[in-house]
Amino acid sequence: QAQVVESGGGVVQPGRSLRLSCATSGFRFSSFGMHWVRQAPGQGLEWLAFVLYDGNTKYYADSVKGRFTISRDNSKNTVDLQMNSLRADDTAMYYCAKGTEFGEPPLWGQGTLVTVSS
Amino acid sequence: IVMTQSPATLSVSPGERATLSCRASQSVGTNLAWYQQKPGQAPRVLIYGASVRATGIPARFSGSGSVTEFTLSISSLQSDDSAVYYCQQYNHWPPGWTFGQGTKVDI
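Rules of the game
- Counting from 1, residues in each chain are numbered in the order their sequence is written.
- Labels are handed out in written order, letters beginning with A for the chains and numbers beginning with 1 for the ligands.
- Where local features are concerned, this predicted model is filtered to residues with pLDDT of at least 70; where side-chain atom pairs are given and counted, the filter is 80 or more; whole-chain, interface and lining totals use all residues.
- By convention in this description, side-chain values take in all heavy atoms of the structure and omit both hydrogens and water.
- Any two residues whose heavy atoms approach within 4.5 Å are treated as being in contact.
- Using a 1.4 Å probe, buried area is obtained as the accessible area two parts lose upon being combined, added over both of them.
- Here a salt bridge means any side-chain nitrogen of Lys or Arg lying within 4 Å of a carboxyl oxygen belonging to Asp or Glu.
- To qualify as a helix, a DSSP run of H or I must reach at least 4 residues; to qualify as a strand, a run of E must reach at least 2; elements of each kind are numbered from the N terminus.
- Polar here means any residue other than Ala, Val, Leu, Ile, Met, Phe, Trp, Tyr, Cys and Pro, which are nonpolar, and Asp, Glu, Lys and Arg, which are charged; Gly is therefore polar.
- Only rings of Phe, Tyr and Trp enter the pairing, Trp through its six-membered ring, and a pair is recorded when the two centres are within 6.5 Å. The plane angle decides the type: under 30 degrees is stacked, over 60 is edge-to-face, the rest tilted.
- Remark: exposure states derive from per-residue accessible area (1.4 Å probe, protein chains only) relative to the maximum for the residue type, with buried under 20%, exposed over 50%, and partly exposed in between.
- Only when the NZ of Lys or the CZ of Arg is both within 6 Å of the ring centre and within 35 degrees of the ring normal is a charge said to sit over the ring.

Caption draft 1: Molecular detail of the interface of chain B and chain A. Counting from both sides, the interface comprises 16 residues of chain B and, opposite them, 23 residues of chain A. Both faces considered, chain B and chain A share a buried interface measuring about 1,600 Å² in area, 74% of it formed by carbon and sulfur atoms. Across the contact surface, chain B and chain A share zero salt bridges. Elements supplying a minimum of two residues to the side of chain B that touches chain A: strand S4 (32–37), strand S5 (44–48) and strand S9 (83–89) of chain B. Here the residues of the side of chain B that touches chain A are counted per class, giving 12 nonpolar, four polar and no charged.

This is how it looks when you write it as structure tokens:
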């Protein structure tokens, strides 16, 4: 059974860094692009970042460009999100999701909560 | 691409049918998914490819449409269907996925 599981969330002070990780299983990880999406409290869904199957192409939302970095390790079936210079408005639930290549549906994890507060 | 959902809120009675709309500002083909999200839970994929039900999704949920106009229909509504429903396009990237603002369905 395919699944993705996020970890690494927590409470962090403004200006500090945090690294989220997403562990995957049950599908051919090295063939799929991977995404990070977040949802601020009471708000809608916001796409953040994407990394292509080979790790060589990455895209970011303007809101996090220059502060967040997505990376993947195809030997470990994991994808990370390095978040620097965190701000209060980065407070959200962060979700990892498998891409939709080959006509397959997206697959989301349960999320990890990040709270940026002094 | 901007995804626009309507209505923002929909109040329906148990057993009735709900029809939710999603419009894309430009063509997304059939690269569209629908999600259901209940409070405190992650979004759950209901429909992908505009009309394909995800594994385990009851036949009461159906998706239709293409290009820029899409519909999610839920028949024989049950109290458990109370949730926020989002549409998402995955046709145009970069920059990436885009989501509608959601339709809240109250049963």
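Next comes the rest of the description.
Caption draft 2: Main features of the packing of aromatic side chains. The tally for this structure, following the rule as stated, stands at nine aromatic pairs over all chains. Relative to Tyr-35 of chain B, the ring of Trp-108 of chain A lies with its centre 5.1 Å away and its plane at 65°, an arrangement referred to as edge-to-face. Here Trp-108 of chain A is found in strand S10 (residues 107–108), whereas its partner Tyr-35 of chain B is found in strand S4 on a different chain. Assessed through its relative accessible area of 9%, Trp-108 of chain A is described here as buried. Centroid distance Tyr-35 of chain B to Phe-99 of chain B: 6.4 Å. Interplanar angle 55°. Geometry classified as tilted. Here Phe-99 of chain B lies in strand S10 (residues 98–99) and Tyr-35 of chain B lies in strand S4, a separation of 64 residues in the sequence. We classify Tyr-35 of chain B as buried; its relative accessible area is 0%. With relative accessibility at 11%, the residue Phe-99 of chain B sits in the buried group. One aromatic cluster is present, formed by Tyr-95 and Trp-108 of chain A together with Tyr-35, Trp-97 and Phe-99 of chain B through successive ring pairs. In this arrangement the basic side chain of Arg-72 of chain A is found over the ring face of Phe-29 of chain A, its NZ or CZ atom lying 4.2 Å from the centre. Lying across the ring of Phe-27 of chain A, Lys-98 of chain A places its NZ or CZ 5.8 Å from the centre.

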